[in-house]
Amino acid sequence: MPGTGLNIFIIDVIIRPFAKIFEKMPVTVILIILVMYGIVAYTVIKSAYLSQNP
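Not measured: the values here are computed from a predicted model. (Residues numbered from 1 in each chain as written. Predicted model: local features only at pLDDT ≥ 70, side-chain atom pairs only at ≥ 80, totals over all residues. Heavy atoms only, no water.)

1. A short note on the overall build of the chain
Basically, it comes down to this: Going along the chain from the N terminus, every DSSP run of H or I of four or more residues is numbered as a helix, and every run of E of two or more is numbered as a strand. Here the term buried applies to any residue with accessible area under 20% of the maximum for its type, exposed to any over 50%, and partly exposed to those in between, with areas from a 1.4 Å probe on protein chains only. The method behind every accessible area is Shrake-Rupley, applied with a 1.4 Å probe, and residues are considered shielded solely by the protein chains displayed.
Helix and strand counts for the chain stand at three helices and zero strands. Counting across all 54 residues of the chain, residues that qualify as buried make up 11%. On the chain, roughly 4,500 Å² of surface is accessible, and the fraction owed to carbon and sulfur atoms is 75%.

2. Thoughts on the nonpolar core
Spelled out, the test is: Here the nonpolar core consists of buried residues drawn from Ala, Val, Leu, Ile, Met, Phe, Trp, Tyr and Cys, with membership extended through side-chain atoms lying within 4.5 Å. In what follows, residue pairs with any heavy atoms lying within 4.5 Å of each other are defined as contacts.
Grouped together as the largest cluster of nonpolar side chains are five residues: Ile11, Ile15, Phe22, Val29 and Val40. Counting only elements with at least two residues in this core, the list comes to helix H1 (4-15) and helix H3 (26-52). Leave out the neighbours within four places in its chain, and Ile11 touches Met36, Tyr37 and Val40.

3. Some remarks on a nonpolar patch on the surface
Our working definition: For patch building, the residue pool is restricted to those with more than 30% relative accessible area and no salt bridge; the joining distance is 9 Å between like charges and 5 Å between nonpolar side chains (Val, Leu, Ile, Met, Phe, Trp, Tyr). Here, a salt bridge means any side-chain nitrogen of Lys or Arg that lies within 4 Å of a carboxyl oxygen of Asp or Glu.
Together, Leu6, Phe9, Ile10, Val13, Ile14, Phe18, Ile21 and Met25 line one region of the surface with nonpolar side chains, adding up to about 730 Å² of accessible area. Within the element layout of this structure, Ile21 appears in helix H2 (residues 19-22). Residue class for Ile21 comes out partly exposed when judged on its relative accessible area of 47%.

4. As for the environment of Asn7
Structurally, Asn7 is set in helix H1. On the basis of relative accessibility, which here comes to 15%, the residue Asn7 falls in the buried class. Sequence separation between Asn7 and Met36 is 29 residues, and the spatial gap between their C-alpha atoms is 9.3 Å.

Okay, here's the thing in structure tokens:
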């Protein structure tokens, strides 16, 4: 799995082309961003927890 910085970059690259569509649906944008960054945060927390407790 790629690093967190790469995931954030990939998220920005994927969402940027759809920016015009998302401007018309701001609630949908907020939900999508929360889900995507939530996945990244979960990955970071999981990897940090696993590194402390083998």
